[in-house]
Amino acid sequence: MTEANASARRPSGELEASVLAALWAADGRALTPADVQRDLGTALARTTVTTILARLYEKGSVSRTRSGRGYAYLPVQDSPGLAARRMRTELDKSGEDDRGTVLARFVSQLDPDDERLLRELLVQAEDDGPSPASGPAGPAPEGRRP
C-alpha cells in the first residue's frame, strides 16, 4: 500500500458508524442495503454497504429480516446501548485476574464530571436492586443467529 493510499483510508469503524447512524435515523423502519446507500448519500458501492451490514449482523449490532432476495436491517440497540455493550465486551475480554485492574484504570482516566456521574449511577443502581439481565455476560443480543 502506498503512503498516499494509507493516508486516504478511513479511520477504523467509520463506515460501520455511518451505516448505524443511517439505521438509527430510520426511526424503526428496516432498511435494505440500497436504502442505506441512498440515505448515506456517498459514493459507496452497494456491495460495500451490504458487507458492512453483514458484519454488523455477525457482531449482533443489527437484526435482519428477508426483503425480496436480500435482507432489511434494524439496529438492535440505540447508540448509548451499543457503546455500553462495546465497553462490556472489552471488559469481558480481560481475564478474571485483570478485571479489577481494567476497571481501576478506566475510572482513574475519567474526568471529574464523569467520575461524579458514575458514582451517582452506581448509587442509583444499588437503590434499584439487581437488574433481571445482570448475569455474567448481560443480556443476549437480539436478532443474532444461534
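Structure shown above.
Treat the numbers as computed from the prediction; the structure is a model and nothing was measured. (Residues numbered from 1 in each chain as written. Predicted model: local features only at pLDDT ≥ 70, side-chain atom pairs only at ≥ 80, totals over all residues. Heavy atoms only, no water.)

Caption draft 1: Inspection of helix α3 (residues 33–40) at higher detail. Turning to α3, its buried residues number three or more, namely Pro33, Asp35 and Val36. Projection of α3 onto a plane perpendicular to its axis shows the buried side chains occupying an angular sector of 160 degrees, all on one side. Looking at the packing, one finds that the buried side of α3 touches α2 (14–25), α4 (46–59) and β2 (70–75). Note on α3: the residue one or two positions beyond its end, Gly41, has a positive phi of about 65 degrees. (Buried < 20%, exposed > 50% of the residue type's maximum accessible area, 1.4 Å probe, protein only. Helix = DSSP H or I, 4+ residues; strand = E, 2+ residues; numbered from the N terminus. Arc of directions from axis to C-beta. Contact = heavy atoms within 4.5 Å.)

Caption draft 2: Summary view of the packing of aromatic side chains. If you walk through the whole model with that rule in mind, you get one aromatic pair. Against the face of Tyr71 rests Arg64, its NZ or CZ located 3.9 Å from the ring centre. Against the face of Tyr71 rests Arg66, its NZ or CZ located 4.4 Å from the ring centre. (Phe/Tyr/Trp six-rings, centres within 6.5 Å; stacked < 30°, edge-to-face > 60°. Lys NZ or Arg CZ within 6 Å of the ring centre and 35° of its normal.)

Caption draft 3: Just the environment of Ala17, in detail. Within the secondary structure layout, Ala17 lies in helix α2. Judged by its relative accessible area of 43%, Ala17 is partly exposed. A sequence separation of 39 residues divides Ala17 from Leu56, and the C-alpha atoms of the two residues are 10.0 Å apart.

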